[in-house]
Amino acid sequence: MDEQIQIELEAAAFRRLRQHLMQDRTDVQNIDMMNLTGFCRNCLSRWYQEAANARGIDMGKDEAREIFYGMTMDEWKANHQTEATGAQQDAFKESFAQNVGNKN
């Protein structure tokens with residue numbers, strides 16, 4: 001497989017992941033994703049921003065999130081985000097300690 005085909009396949013997989021997280025599984029909370037996987041939708045939008053910045057494209061956090069989420073964070077929170085439970089917050093503290101050293 002040549003490099004261009006690989007890039008196209010990776011881009012298609014990313015778009016499908018984004019669709020899955022943003023349309024198919026809006027019920028899954030970011031805190032749960034962080035607790036289980038060490039990354040969430042915000043991480044994906046940050047990685048998108050970092051990739052844009054590395055290519056010389058001036059993009060801030062809010063702009064990247066709006067592109068990734070397809071709406072503003074305020075809209076996302078109002079439509080899909082629930083209040084984190086104490087158990088979720090406790091699990092996040094443990095997960096964060098493990099993942100902080102694994103920044104990608």
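Residues numbered from 1 in each chain as written. Predicted model: local features only at pLDDT ≥ 70, side-chain atom pairs only at ≥ 80, totals over all residues. Heavy atoms only, no water.

Here we take up the state of the cysteines. Summed over the entire model, instances satisfying the criterion amount to 0 disulfides. Here C40 stays free of any disulfide, with the sulfur of C43 as its closest cysteine sulfur at 4.1 Å. With a relative accessible area of 10%, C43 lands in the buried category. (Disulfide = S-S within 2.5 Å. Buried < 20%, exposed > 50% of the residue type's maximum accessible area, 1.4 Å probe, protein only.)

Before going further, it helps to examine a negative patch on the surface. Taken together, the side chains of D58, D62, E63, E66, D74 and E75 present a region of like negative charge at the surface. Listed by contribution, the elements that provide at least two residues to the negative patch are α4 (61-69) and α5 (73-80). If you tally residues by element for the negative patch, the top one is α4, at 3 residues. Turning to its location among the elements, E75 is positioned in helix α5. Owing to a relative accessible area of 40%, E75 belongs among the partly exposed residues under this scheme. (Patch = residues over 30% accessible without salt bridge, like charges linked within 9 Å, V, L, I, M, F, W, Y side chains within 5 Å. Areas by Shrake-Rupley, 256 points an atom, 1.4 Å probe, with all protein chains shown as cover. Salt bridge = Lys/Arg side-chain N within 4 Å of Asp/Glu carboxyl O. Lys, Arg positive; Asp, Glu negative; His and termini not counted. Charge placed at Lys NZ, Arg CZ, Asp CG, Glu CD. Helix = DSSP H or I, 4+ residues; strand = E, 2+ residues; numbered from the N terminus.)

To continue, consider the pattern of salt bridges. For side chains of opposite charge, pairing can occur when their charged atoms come near one another. Under the counting rule described, the total for this entry stands at 3 salt bridges. The closest approach of N and O atoms between D27 and R25, which form a salt bridge, is 2.8 Å. Classification of R25 by relative accessible area gives partly exposed; the value is 34%.

This paragraph deals with the environment of I67. The topology assignment puts I67 in helix α4. The spatial distance from the C-alpha of I67 to the C-alpha of Q29 is 19 Å, given a sequence separation of 38 residues. Every residue in contact with I67, bar those within four places of it in the chain, is listed here: R18, Y48 and M59. (Contact = heavy atoms within 4.5 Å.)

Moving on, we come to the packing of helix α1 (residues 3-24) against α4. Running from N to C, α1 and α4 cross one another at 85 degrees; their axes reach a closest spacing of 10 Å. Comparing the axis directions of α1 and α4 gives the class roughly perpendicular. Residues F14, R18 and M22 of α1 pack against I67, F68 and Y69 of α4. Across the contact of α1 with α4, the residue classes break down as 5 nonpolar, no polar and 1 charged. (Axes fitted to C-alpha atoms, helices over the stretch in contact; angles between N-to-C directions. Parallel < 35°, antiparallel > 145°, perpendicular 65-115°, else oblique. Nonpolar A, V, L, I, M, F, W, Y, C, P; charged D, E, K, R; others polar.)

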